[in-house]
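Analysis of the macromolecular model
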Amino acid sequence: MSILEDVVVNAKTAANAVGKKAGQLVDSSKLKISAADLNNEIGKRFENLGRIVYNAEKNGTDASEMVKENVESINDLYEQLDAIHQQLTALRNKTLCKNCGSENPIDALYCNHCGTRLATEEPEEEAQPEEETEVEPAQESGTTEE
Ligand SMILES: [Zn+2]
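So, a few notes on the structure that sits alongside this text.

Quick notes on the rules
Residues numbered from 1 in each chain as written. Predicted model: local features only at pLDDT ≥ 70, side-chain atom pairs only at ≥ 80, totals over all residues. Helix = DSSP H or I, 4+ residues; strand = E, 2+ residues; numbered from the N terminus. Buried ≥ 20, exposed ≤ 12 C-beta atoms within 10 Å, placed from the backbone. Contact = placed C-beta atoms within 7 Å. Expected span 1.5 Å × (residues − 1). Axes fitted to C-alpha atoms, helices over the stretch in contact; angles between N-to-C directions. Parallel < 35°, antiparallel > 145°, perpendicular 65-115°, else oblique. Left-handed = near helix turned anticlockwise from the far one by under 90°. Nonpolar A, V, L, I, M, F, W, Y, C, P; charged D, E, K, R; others polar. Core = buried A, V, L, I, M, F, W, Y, C linked by C-beta atoms within 7 Å.

Let's shift gears to the overall build of the protein. Within the protein, the regular secondary structure consists of three helices and two strands. Traced from its N-terminal end to its C-terminal end, the protein shows the element sequence α-α-α-β-β. Per-residue burial for the protein yields a buried fraction of 14% across its 146 residues. Within the protein, contacts between residues at least 6 apart in sequence are counted, and of these 47% link residues at least 24 apart.

An ideal rise of 1.5 Å per residue puts 46 Å on 32 residues; helix α2 (residues 28-59) measures up with 46 Å between its terminal C-alpha atoms. Turning to α2, its buried residues are Leu 31, Ser 34, Ala 35, Leu 38, Glu 41, Arg 45 and Ile 52. Positive backbone phi, at 65 degrees, marks Gly 60, one or two positions downstream of α2.

You can see Ser 28 is positioned in helix α2. When the C-alpha positions of Ser 28 and Leu 88 are compared, they lie 6.0 Å apart, and in sequence the two are 60 residues distant. Not counting residues up to four positions away in its chain, the partners in contact with Ser 28 are Leu 88 and Leu 91.

Next up on the list: the packing of α2 against helix α3 (residues 64-92). The N-to-C vectors of α2 and α3 enclose an angle of 165 degrees; their axes lie 9 Å apart at closest approach. Taken as axis vectors, α2 and α3 run roughly antiparallel relative to one another. Between α2 and α3 lies a crossing whose hand is left-handed. Of the residues in the contact of α2 with α3, the class split is 17 nonpolar, nine polar and two charged.

Take the nonpolar core next. In terms of nonpolar packing, the biggest core is built from six residues, these being Leu 31, Ala 35, Leu 38, Ile 74, Leu 77 and Ile 84. Counting only elements with at least two residues in this core, the list comes to α2 and α3.

Examined against the element boundaries, Lys 30 turns out to sit in helix α2. Spatially, the C-alpha atom of Lys 30 lies 10.0 Å from that of Ile 84, the residues being 54 residues apart in sequence.

Structure, rendered in C-alpha cells:
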C-alpha cells in the first residue's frame, strides 16, 4: 500500500501549496505556475491510476478501492485547478496596487487602500457602461392611450 500512501501525501502537499495562497492575493504569474504544477500532478495521477488498473488486471486482483482513492485525489486536484482558474479570471478584472499590493477594480484610478495612483493614463470620465439597450415601447397589439 506504499504507493497509495505516497499518492495521498503528494495530494496533501499540493493542496497545502495552493491552500496557503488561496486566502491571499497572488499575482497571476504565480497562479499560472500553480496551475501548471497541478496539471502536471494530475497527469502523474492518471499515469498512476493506469498503472494500478494495469497491475490489478494483470494479477487478477481487485483494485477498486485504490482506483476510487486515486479518482478522488484527481477530483481534488481538479477542484484546486478550478479555484486557480477562478482566481485568474477574477484577477483579470482587478488591478493590483504597485505600492501596497491591494486589489482594486480594474478601472480604479487610485488605490482604495493607500491612495496611490493606479492608472497610468490621464483620468478620463468617458468610460461608459456598454449596456445601452434602447428601450422602445413595443406596442404591437392594441393601443394604450389615456
Ligand atoms: Zn495601495
